[in-house]
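Architecture at a glance
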Amino acid sequence: QVQLVESGGRLVQAGGSLRLACKASGRTFSSYNMGWFRQAPGKEREFVGGISWSGGNTYYADSVKGRFTISRDSAKNTVYLQMNSLKPEDTAVYYCAADPSRLRIGVRIHEYNYWGQGTQVTVSS
């Protein structure tokens, strides 16, 4: 079992930056692929990006490519989502998720077994 806790969400102005953190506890975090998803009001949860268990591979949704960066610190059992050049359309609850399969980085919700409770990011125009 893995427990995930996100933090770092807040209100930020358009064009600003924010770093979210996802702290994992429980079993072997370093062997899990990790993903970030987001859900805006009235919309479905969508894939933002992911990082492989080794940290050697990342993959991003087109909507955030070039603006968002995912990294992980296995010593701290934490994965980060650095968000730059934020836009109002980035406003959402952001969730981290863990996939123990060690296959390719998943982009679908069902590919992840464990989820955090989410953290709210609001970007004002």
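Here we summarise the structure given alongside this text. All residue numbers refer to positions counted from 1 along the written sequence of the respective chain. For this predicted model, a pLDDT threshold of at least 70 governs which residues receive local features, and a threshold of 80 or more governs which side-chain atom pairs are given and counted, while totals over whole chains, interfaces and linings are taken from all residues. To obtain the side-chain values, all non-hydrogen atoms of the structure were used and water was disregarded.

Some points on the sheet that holds strand β3 (residues 18-26)
- Taken together, the four strands give an open sheet; going across it, the order is β1-β3-β8-β7, and neighbouring strands pair in antiparallel fashion. The open sheet terminates on both sides in strands that have one partner only, identified here as β1 (2-7) and β7 (68-73). Between one strand and the next, the sheet's axes are offset by a mean angle of 15°, whatever the strand orientation.
- When DSSP finds two or more bridges between a pair of strands, those strands are recorded as paired. Here a helix means four or more residues in a row that DSSP labels H or I, a strand means two or more in a row labelled E, and each is numbered from the N terminus. In this structure, β7 lies alongside strand β8 (residues 78-83), joined through six bridges in antiparallel fashion. Pairing of phenylalanine 68 across the sheet is with methionine 83, part of β8. Note on geometry: axes are lines fitted to C-alpha atoms, helical ones only across the stretch in contact, with angles between N-to-C directions running from 0 to 180 degrees.

Focus: the pairing of β7
- Only one face of β7 is buried, namely the one carrying Phe68, Ile70 and Arg72, since none of Thr69, Ser71 and Asp73 on the opposite face is buried.
- Hairpin geometry of β7 and β8 is characterised by an intervening segment of four residues between the two adjacent antiparallel strands and by a positive phi of about 55° at asparagine 77. Under the scheme applied here, a residue whose accessible area is under 20% of the maximum for its type counts as buried, over 50% as exposed, and between as partly exposed, the area being computed with a 1.4 Å probe on protein chains only.

Looking at the pattern of salt bridges
- The salt bridge criterion pairs a side-chain nitrogen of Lys or Arg with a carboxyl oxygen of Asp or Glu, the two atoms within 4 Å. Under the defined criterion, the tally for this structure stands at five salt bridges.
- Among the ionic pairs, aspartate 90 bridges to arginine 38, the shortest N-O distance being 2.9 Å. You can see aspartate 90 sitting in the loop between β8 and β9 (92-99) and its partner arginine 38 sitting in strand β4 (residues 33-39), a full 52 residues away along the chain. As far as burial versus exposure is concerned, aspartate 90 and arginine 38 are alike and both buried.
- Between lysine 65 and aspartate 62 there is a salt bridge whose closest N-O contact spans 3.1 Å.
- Bridged by salt links that share partners, the residues Arg38, Glu46, Arg67 and Asp90 form one connected network.

Considering the packing of aromatic side chains
- Only Phe, Tyr and Trp rings are paired, with Trp represented by its six-membered ring, and only when their centres lie within 6.5 Å; those with planes under 30 degrees apart are stacked, over 60 edge-to-face, the remainder tilted. Here the structure, examined in full by the defined rule, presents six aromatic pairs.
- Summarising the aromatic geometry, the rings of phenylalanine 37 and tyrosine 112 are spaced 5.3 Å apart at their centres and angled 80° between planes, so their arrangement reads as edge-to-face. Pair noted here: phenylalanine 37 is in strand β4 and tyrosine 112 is in the loop between β9 and β10 (114-115), with a separation of 75 residues, a long-range link.
- By relative accessible area, tyrosine 112 is classed as buried at 4%.
- Site record: aromatic cluster; members linked through ring pairs are Phe37, Phe47, Tyr59, Tyr112 and Trp115.

Regarding the state of the cysteines
- Defined by distance alone, a disulfide is two cysteine sulfur atoms within 2.5 Å. In total, this model carries one disulfide according to the counting rule given.
- A sulfur-sulfur distance of 1.9 Å marks the disulfide that ties cysteine 22 to cysteine 96. The chirality of the disulfide connecting cysteine 22 with cysteine 96 is right-handed, given an S-S dihedral of about 50°. On the criterion of sequence distance, the pair formed by cysteine 22 in strand β3 and cysteine 96 in strand β9 is long-range, its members being 74 residues apart. Accessibility classification places cysteine 22 together with cysteine 96 in one group, the buried group.

Some thoughts on the environment of lysine 87
- Mapping lysine 87 onto the fold places it in the loop between β8 and β9.
- Looking at lysine 87, the relative accessible area reads 34%, which means it is partly exposed.
- Placed 35 residues apart in sequence, lysine 87 and threonine 122 show a C-alpha to C-alpha distance of 9.3 Å.
- We call two residues in contact whenever any of their non-hydrogen atoms come within 4.5 Å of each other. Excluding residues that lie within four positions of it along the chain, lysine 87 makes contacts with Arg67 and Val123.

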